[in-house]
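Each chain, letter by letter, is given below.
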Amino acid sequence: MTPTVLVVGELQAGHLAGATREAIGVARGIPGATVVGFVAGSDARAVAPEFGKLGVARVLATAGPSFDSGYPAAAARAASAAATACGAGLVLVGGTTFGRDLAGRLAIAWNAAAATGVTELVVGEGGFRVTRPIFGGRATEVRRLEGGRAVVALRPHAYPAPTESPVAAAVENLPPVELGPLGSVQRTSVESAAAGSGPSLTDAAIVVSGGRGLRGPENFHLIEELATALGAAVGASRAVTDAGWRSTSFQVGQTGKTVSPQLYFAIGISGAIQHLVGMVSSRVIVAINSDASAPIFKVADYGIVGDLFQIVPALTAEVRRVRGLA
Ligand SMILES: Cc1cc2nc3c(=O)[nH]c(=O)nc-3n(C[C@H](O)[C@H](O)[C@H](O)COP(=O)(O)OP(=O)(O)OC[C@H]3O[C@@H](n4cnc5c(N)ncnc54)[C@H](O)[C@@H]3O)c2cc1C
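Being a predicted model, the structure only gives us computed values, none of them experimental. (Residues numbered from 1 in each chain as written. Predicted model: local features only at pLDDT ≥ 70, side-chain atom pairs only at ≥ 80, totals over all residues. Heavy atoms only, no water.)

Quick look at the nonpolar core
Across soluble globular proteins, you tend to see nonpolar side chains buried next to one another. Definition in use: Throughout this description, the term nonpolar core refers to a set of buried Ala, Val, Leu, Ile, Met, Phe, Trp, Tyr and Cys residues connected via side-chain atoms within 4.5 Å. Throughout this description, buried means an accessible area under 20% of the type-specific maximum (1.4 Å probe, protein chains only), exposed means over 50%, and partly exposed covers the range between. Here, residues are in contact when the closest pair of their heavy atoms is within 4.5 Å.
If you look at the biggest cluster of nonpolar residues, it comprises 32 residues, and the most contacted ones within it are Leu90, Leu92, Val118, Leu121, Val152 and Leu154. Residue contacts for Val118: discarding those within four places in its chain leaves Val130, Thr131, Arg132, Val152, Ala153, Leu154, Arg155 and Tyr159. Judged by nonpolar contacts, the second largest core, of 31 residues, contains Ala40, Phe67, Cys86 and Ala153.

Some points on the environment of Ser42
Heads up, the condition is: Put simply, DSSP H or I for four residues or longer makes a helix, DSSP E for two residues or longer makes a strand, and each gets a number counted from the N terminus.
Relative to the elements of secondary structure, Ser42 occurs in the loop between strand E4 (34–40) and helix H2 (44–53). The spacing of Ser42 and Ala61 is 19 residues in sequence and 9.6 Å in space, taken between C-alpha atoms. Excluding anything up to four places from it in sequence, Ser42 contacts Gly64, Pro65 and Asp68.

Side note on the domain arrangement of the protein
We apply this condition: Domain boundaries shown here were taken from an automatic or database domain assignment. As a working definition, buried area equals the accessible area (1.4 Å probe) given up by two parts on being put together, with both sides summed.
Annotation of the protein at the domain level lists domain 1 (4–184) and domain 2 (206–322). One C-alpha centre belongs to domain 1, the other to domain 2; they are set 32 Å apart. At the junction of the two partners, domain 1 supplies eight residues and domain 2 supplies eleven residues. Summed over both partners, the interface of domain 1 with domain 2 buries about 700 Å², with 47% contributed by carbon and sulfur atoms.

Details of the pattern of salt bridges
This is how the line gets drawn: Think of a salt bridge as a Lys or Arg side-chain nitrogen and an Asp or Glu carboxyl oxygen that are within 4 Å of each other.
Under the counting rule described, the total for this entry stands at ten salt bridges. In this structure, Arg321 engages Glu318 in a salt bridge whose closest nitrogen and oxygen atoms are separated by 2.7 Å. With Arg321 and Glu318 both in helix H9 (residues 308–322) and three residues apart, this pair spans about one turn of that helix. A relative accessible area of 53% means that Arg321 is categorised as exposed. Among the ionic contacts, a cluster of salt bridges with common partners joins Arg132, Glu141 and Arg143.

A word on the sheet that holds strand E9 (residues 127–134)
Let me state the cut-off plainly: Think of it this way: DSSP has to see at least two bridges between two strands before they count as a pair. Here an angle of 0 to 180 degrees is reported between the N-to-C directions of two axes, which are lines fitted to C-alpha atoms, with helices fitted over the stretch in contact.
Ordered in space as E8-E9-E10, the three strands form an open sheet in which the pairing is antiparallel. Two strands lie at the open edges of the sheet, namely strand E8 (120–124) and strand E10 (139–145), each paired on one side alone. Taken over all neighbouring pairs, the strand axes of this sheet differ in orientation by 15° on average, direction set aside.

Some points on empty space enclosed by the protein
The condition is simple: Grid points spaced at 1 Å and placed over the protein atoms alone form the basis of the search, with a cavity being a set where a 1.4 Å probe fits but cannot get out and a pocket an open set showing protein on both sides within 12 Å along at least five of seven lines. Lining residues have an atom within 4 Å of a point. Grid points are joined across faces, edges and corners, and a volume is the space filled by probe spheres set on the points. In this count, Pro and Cys sit with the nonpolar residues alongside Ala, Val, Leu, Ile, Met, Phe, Trp and Tyr, while Asp, Glu, Lys and Arg are called charged and the others, Gly among them, polar.
Taken as a whole and assessed by the stated rule, the structure comprises one cavity of 30 Å³ or more. If you add up the space inside the largest cavity, you get close to 30 Å³. Lining of the largest cavity is provided by Val8, Glu10, Val93, Gly94, Phe98, Gly99 and Leu102. The residue makeup of the lining of the largest cavity, split by class, is four nonpolar, two polar and one charged.

Some words on the side chain of Thr316
Position of Thr316 among the secondary structure elements: in helix H9. The exposure class of Thr316 is buried, given its relative accessible area of 5%. Once residues within four sequence positions are removed from consideration, Thr316 is found in contact with Leu222, Glu225, Leu226 and Ala229.

Overview of unusual backbone geometry
Phi at Ala13 is positive, roughly 50°, even though this residue is not glycine. Taking relative accessible area as the criterion, Ala13 reaches 78% and is therefore assigned exposed. One non-glycine residue, Asn111, lies in the positive phi region at around 60°.

Re the layout of surface pockets
Reported here for the second largest pocket is a volume of approximately 470 Å³. Along the wall of the second largest pocket there are 27 residues; nearest its centre are Arg212, Ser237, Gly268, Ile269 and Ser270. For the lining of the second largest pocket, the elements supplying multiple residues, two or more each, are helix H6 (238–242), helix H7 (273–276), strand E16 (284–289) and H9. Considering only residue class, the lining of the second largest pocket consists of seven nonpolar, 16 polar and four charged.

Remarks on the site of the ligand
Threshold: Here a residue counts as near a molecule or strand whenever at least one of its heavy atoms sits within 4 Å of it. Side-chain atoms alone can form a polar contact between residues adjacent in sequence; in general such a contact is a pair of N or O atoms within 3.5 Å, and within protein one must be able to donate a hydrogen while the other accepts it. If over half the atoms of a molecule are within 2 Å of the grid points of a cavity or pocket, the molecule is regarded as sitting in it.
Every one of the 26 residues lining the ligand counts as a neighbour, but Arg212, Ser237, Thr255, Ser270 and Asn289 are closest to it. Between an oxygen atom of the ligand and a main-chain N or O atom of Gly256, the distance comes to 3.4 Å. Interatomic distance of 3.1 Å between a backbone N/O atom of Gly268 and an oxygen atom of the ligand. The cavity where the ligand resides is the second largest pocket. Every element with two or more residues in the shell around the ligand is listed here: H6, H7 and H9. Across the shell around the ligand, the residue classes tally to six nonpolar, 15 polar and five charged.

Below you can see the structure in the form of structure tokens.
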């Protein structure tokens, strides 16, 4: 089976999001698949060339301000119509908050199976086989999605961004979608959560997170300085956010954000299961903790047993020196 694969484009600041680029890479890697891009909103036509740059020659577009609010219920209707229009067997979405929300709604609208948090996807005769971490990364689940149609949300950063392979992208406008009451939902304002000045937590390639081991908010600058030196995003355990040292927008874990960067620093964080759930699929984990028996060391690739108040400033100084920032 070599399906047509529809990749739903998510926009960030008017451009294709990193998660969508990763999804395009995955779609291109499916042997024999025909890859079609889809984008909805006022900027639909403007971003089509970005699909072309990544080797996607056909882009379906649903124009209309109703989709600009990032409201997944409306986008799911449009994506369902696009999937039907191109005869897709598989729809890929990035594993962002938007993508995960969209995946479930789209699966219902398009009458398809769905899986989120997917780290491996195999397309075969019997359908789609997906692999994904469960129970906070303590186990790996393999599922078969049958029925010939599937919506798959990929785990962020589980796949590399694809190399550029430019082609001219032909854009086809789809007829307007009947949204009914969904079309009347408008975004009236956007309030940015306070979340550092660096890269966004969920998109960053490097995350530096601090925990209760920092003892108080007055010491959290140690985390921020290391993050700045590395060009990383700042994260925190729930102990930190519950204590009000940083806002909940920094929280990583079960009731916070899920991150899977290339490199994750857990500093003064014990490694409770609720924290691990949000970061265990990071490619490389570095833990700094004074307690050699802290559970974080069970998932760490590199562990430093010691006092963070000595180690972190020394590490920051060395990173600055190596990067010519000193
Ligand atoms: C329903 C539910 C949901 C939850 N959701 C989340 C969530 O989303 N995210 C989350 O993080 N937690 C969550 N928790 C809380 C979680 O169980 C832990 O309580 C929390 O993660 C602990 O944070 P911590 O590791 O910073 O603090 P602690 O567990 O207190 O660990 C502090 C660590 O710092 C080390 N340390 C102390 N001093 C130093 C030093 N000088 N140098 C180096 N190391 C030092 C200690 O050895 C210790 O290991 C949730 C809990 C529940 C019940």
